[in-house]
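Summary of the model geometry
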Amino acid sequence: MAAVQEKIEEKFALPMMSPLQLFNLCVGIIGIQFAWSMQIALSSRVLEPLGADPFLFGLIWCAGPVTGLLVQPIVGAISDRTWTKIGRRRPFVLVGAFLGALALLFFPFSPTLLIAALTIWVIDACVNVSQGPYRALVPDNVHPKQHAIANGYINFAFGAGSVIALGVAPALKFFNVPMSIEQQYIMSAAALILLIIYTSLTIKEYKKPAKKDVREEKPTLLEAFGVFAKSDREIHKLCGVQFLIWVGIMCMFIYLTPYIVHNVYLLPDMSAENYKQAEKEYQASDVNYETQNVENTLLKYKE
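These remarks concern the structure in this document. Numbering of residues starts from 1 in every chain and runs along the sequence as written. Residues qualify for local features only when their pLDDT is at least 70, as the model is predicted, and side-chain atom pairs are given and counted only at 80 or more; totals for whole chains, interfaces and linings, by contrast, use all residues. As a rule here, side-chain values cover all heavy atoms of the structure and leave hydrogens and water aside.

1. Focus: the overall build of the chain
In DSSP terms, a helix is any run of H or I states spanning at least four residues, a strand is any run of E spanning at least two, and both are numbered starting from the N terminus. Broken down by element type, the chain carries twelve helices and zero strands. When a residue's accessible area, from a 1.4 Å probe over protein chains only, is under 20% of the maximum for its type it is buried; when over 50% it is exposed; and in between it is partly exposed. Going through the 303 residues of the chain one by one, you find that 34% of them count as buried. Contacts between residues were defined by any pair of non-hydrogen atoms, one from each residue, lying within 4.5 Å. The long-range fraction of contacts in the chain, counting pairs at least 24 apart against all pairs at least 6 apart in sequence, stands at 81%. With residues, only the protein chains shown are counted as cover, and all accessible areas are computed by Shrake-Rupley using a 1.4 Å probe. In the form shown here, the chain has an accessible surface area of approximately 19,100 Å², with 68% of it arising from carbon and sulfur atoms.

2. Looking at the pattern of salt bridges
For this analysis, a salt bridge means a side-chain nitrogen from Lys or Arg found within 4 Å of a carboxyl oxygen belonging to Asp or Glu. Tallied over the full model, the rule gives four salt bridges. Note that Asp80 and Arg89 form a salt bridge whose closest N and O atoms lie 2.8 Å from each other. A relative accessible area of 3% means that Arg89 is categorised as buried. One network of salt bridges, with partners in common, ties together Asp80, Arg88, Arg89 and Asp140.

3. What to know about the environment of His262
Along the chain, the position of His262 falls in helix α11 (residues 233-264). Two N or O atoms count as a polar contact when they lie within 3.5 Å, although within protein this holds only if one can serve as hydrogen donor and the other as acceptor, and sequence-adjacent residues are included solely when both atoms are side-chain atoms. Within the local environment of His262, its side chain forms a polar contact with the side chain of Glu48, the two groups lying 2.8 Å apart.

4. Considering the nonpolar core
Ile32, Leu47, Phe107, Tyr185 and Leu192 are the most contacted members of the largest nonpolar core, which has 53 residues in total. Every element with two or more residues in this core is listed here: α2 (19-47), α3 (54-60), α5 (90-106), α6 (113-135), α7 (137-141), α8 (147-174), α9 (181-202) and α11. With 13 residues, the single largest contributor to this core is α2. Discounting residues that sit within four places of it in the chain, Phe107 has contacts with Ser43, Val46, Leu47, Ala116, Thr119, Ile120, Ile123 and Tyr185. Nonpolar cores were defined as sets of buried Ala, Val, Leu, Ile, Met, Phe, Trp, Tyr and Cys residues, with membership established by side-chain atoms within 4.5 Å.

5. Remarks on unusual backbone geometry
One non-glycine residue, Asn176, adopts positive backbone phi at about 60°. Within the secondary structure layout, Asn176 lies in the loop between α8 and α9. The exposure class assigned to Asn176 is exposed, which follows from its relative accessible area of 70%.

Structural data, given as structure tokens:
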């Protein structure tokens, strides 16, 4: 029986991918990175006028690590045990992208801070629903000999997505075509869903044959931690470095944009009460100014 199973698995061997197929595999990652980049760069510009101070920024930004910690493992485990007519991972990737795009469209128009904060959590949850199964496309559909190069393509796509997403508005401004915050979020929503659809249409998912008369014993969470504890010390060092780096990166994600806006460009804090009062007074004076101009114009016309 074992020999028969080995022959089945040999016949099932995944085909080698061409450079174009590897490119198609990573295109959707660019769309996912559009969503992350807009959230990193512009969420403070939406939240601050609604009343978010640096402390609230930190609480709202808990959405990223919390949803990543909970959503990706759960959705990944469910997708491991699921097979539909359109594949194993594709349904989760598409549904997460579609819901995430809707949340991105709504976020810059949020009327209150509470709704904006909840929308941030929805965006993070939906994009994680898409991203977790997306990463599993590599071991599922790429020949083991190409895993390294496939992951290289995907990591390049993460970087390229950030550069493109954050570079569109400055590039258009160079040609005197400004983009509002709302337009940039609309752009990211469109990029997310369209690029995910492109990858979903251009790659093929392979259903591996089930092993007969073989019961796989999966380790418990405690056993998995035990294996990790007994692993090579270099792995522990790598995990420690990764953890400490992400502490710094998350601080940068949360506070870099407000810091530059307020300390380099010296723009006022839009969450402060005195700013809101000054804005109301300015708007009132602006209305009076326009009304006075209209009245003067009418008087000149009558004369």
